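# Survey of secondary and tertiary structure
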Amino acid sequence: MGDDAELTAAVLAAQDGDETAFRAVYRAVHPRLLGYVRTLVGDLDAEDVASEAWLQIARDLERFSGDADRFRGWAARIARNRALDHVRMRGRRPAIGGDETELTGRAAESDTAGEAIEALATGRTLDLIARLPQDQAEAVVLRVVVGLDAKTAAETLGKRPGAVRTAAHRGLKKLAELLGEDPETAGVLDALPPQRGPRSGAVTSAGVTHACARTQKDM
C-alpha cells in the first residue's frame, strides 16, 4: 500500500480526472478493502460487492475532501454500506471461505508490520475472525487490516471510538484464544507491532508505507 503522501496526492489527481492516479488509488486501497468486505459478505460475493463500492467511490470522488487516512475511512464506509445492503437482501451474514491470501500486498522483507498483517490475513485466520460477533470482527479488521485509527473506524461504523476500542480489544482477545488452539497460527498476534500515530506509518526500505497493526493493549 502506497505511503500516505503518495495516496493523498493520487486521490487529488484522480479528483481532477487523472485515470492513472485513480488506478494507483485502487491498487493501494482495494486489497484491504476487499478483505473487509469479505468479513461481511463472505468470499463468494465479496468481489461483486467491492466492485459496487468502487463504482460509488468513482462516482462520488469529486465530493470527497481529506487526506489518505480519511480516504481509507470514507472508502470503508461506502464498502460497508454496500455490504450491509447485500446482507439484508440475503438475510444473514455468511461465513468466510476460500483463499484470502490476496488480502494484503507483498510486503518488503524488512516490513515487520506488513509481515504481521500478512500472517493475520491467511484464510484460516479470517475464518476465525468470522466466528467473532460482527461488531468485534469489523473492529478487528478495520483497525488491524485496513489500518484505521479508532476515530476513523468509529465514524465508519457509526459508533463512539471507545466502543470500537472495546470491541477490537475483546475481538483480539478472543482471536488470540482461537489462534492458540491452532498450532499453525499461534503467535500471530504477538508479532503485531505497536500502534502507529494517526498520521504516520512504517516506511519500508522500498519507500512504501504499510498501515501498522495494533496490539490488544493499544486497542
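Conventions we followed
- Residues numbered from 1 in each chain as written.
- Predicted model: local features only at pLDDT ≥ 70, side-chain atom pairs only at ≥ 80, totals over all residues.
- Heavy atoms only, no water.
- Helix = DSSP H or I, 4+ residues; strand = E, 2+ residues; numbered from the N terminus.
- Buried < 20%, exposed > 50% of the residue type's maximum accessible area, 1.4 Å probe, protein only.
- Contact = heavy atoms within 4.5 Å.
- Axes fitted to C-alpha atoms, helices over the stretch in contact; angles between N-to-C directions.
- Parallel < 35°, antiparallel > 145°, perpendicular 65-115°, else oblique.
- Nonpolar A, V, L, I, M, F, W, Y, C, P; charged D, E, K, R; others polar.
- Expected span 1.5 Å × (residues − 1).
- Arc of directions from axis to C-beta.
- pLDDT = per-residue confidence, 0-100.
- Phe/Tyr/Trp six-rings, centres within 6.5 Å; stacked < 30°, edge-to-face > 60°.
- Salt bridge = Lys/Arg side-chain N within 4 Å of Asp/Glu carboxyl O.
- Patch = residues over 30% accessible without salt bridge, like charges linked within 9 Å, V, L, I, M, F, W, Y side chains within 5 Å.
- Areas by Shrake-Rupley, 256 points an atom, 1.4 Å probe, with all protein chains shown as cover.
- Lys, Arg positive; Asp, Glu negative; His and termini not counted.
- Charge placed at Lys NZ, Arg CZ, Asp CG, Glu CD.

Looking only at helices and strands, the protein features nine helices and two strands. The buried share of the protein, reckoned over its 219 residues, is 52%. Partitioning the contacts of the protein with sequence separation of at least 6, the portion at a separation of at least 24 is 68%.

Where helix H8 (residues 150-157) contacts helix H9 (residues 161-180), the axes come no closer than 8 Å and their chain directions differ by 100 degrees. Here H9 runs roughly perpendicular to H8, going by the angle between their axes. Contacts between H8 and H9 involve Ala150, Lys151, Ala153, Ala154 and Leu157 from the first element and Pro161, Val164 and Arg165 from the second. Here the contact of H8 with H9 is composed, by residue class, of six nonpolar, no polar and two charged.

On to the packing of helix H7 (residues 134-146) against H9, then. Between H7 and H9, whose axes approach to 8 Å, the crossing angle comes to 95 degrees. Compared by their axis directions, H7 and H9 come out roughly perpendicular. Across from Asp135, Gln136, Ala139, Val140, Arg143 and Val144 in H7, the residues of H9 making contact are Val164, Arg165, Ala167, Ala168, Arg170, Gly171 and Leu172. The class makeup of the residues in the contact of H7 with H9 is seven nonpolar, two polar and four charged.

Let's shift gears to H9. Helix length check: H9, at 20 residues, gives a terminal C-alpha distance of 28 Å against a target of 28 Å (1.5 Å per residue), a fit within 8%. Among the residues of H9, those classed as buried are Val164, Ala167, Ala168, Gly171, Leu172, Leu175, Leu178 and Leu179. Seen along its axis, H9 keeps its buried residues to an arc of 130 degrees; they face one direction. Among the exposed residues of H9, those oriented more than 90 degrees off its buried face are Arg170 and Gly180.

Once that is clear, we can look at the confidence of the model for the protein. Summing up the model confidence of the protein, the mean pLDDT is 74 and the portion of residues at 70 or higher is 65%. With pLDDT under 50 throughout, residues 95-117 is counted as low confidence; its partners more than four residues away or in other chains account for 53 contacts.

Following the criterion strictly, the structure yields five aromatic pairs and no others. Between Phe22 and Trp54 the ring centres are 5.9 Å apart and the planes differ by 85 degrees, which places this aromatic pair in the edge-to-face class. Remark: Trp54 occurs in helix H3 (residues 43-60) and Phe22 occurs in helix H2 (residues 19-41); sequence separation between them is 32 residues. You can call Phe22 partly exposed: its relative accessible area is 23%. On the basis of relative accessible area, Trp54 is assigned to the buried category, the value being 6%. With centroids separated by 5.5 Å and ring planes inclined at 85 degrees, the aromatic side chains of Phe64 and Phe71 adopt a geometry described as edge-to-face. The buried category is assigned to Phe64, whose relative accessible area is 9%.

The next subject is the pattern of salt bridges. Within this structure, the stated rule accounts for nine salt bridges. Here Arg72 makes a salt bridge to Asp4, at a shortest N to O gap of 2.7 Å. Here the residue Arg72 occupies a position in helix H4 (residues 68-90), and Asp4 occupies one in helix H1 (residues 4-15), the gap between them amounting to 68 residues. Here Arg72 matches Asp4 in class, with each residue buried. Salt bridges linked by common partners bring Asp4, Asp69 and Arg72 together as one network.

Right, let's get into the environment of Ala5. Turning to its location among the elements, Ala5 is positioned in helix H1. Sequence separation of Ala5 and Asp67 is 62 residues, and the distance between their C-alpha atoms is 8.2 Å.

Take a negative patch on the surface next. Together, Asp16, Asp18, Glu19 and Glu62 line one region of the surface with negative charge. Along the chain, the position of Glu62 falls in the loop between H3 and H4. Residue Glu62 is classed as exposed on the basis of its relative accessible area of 69%.

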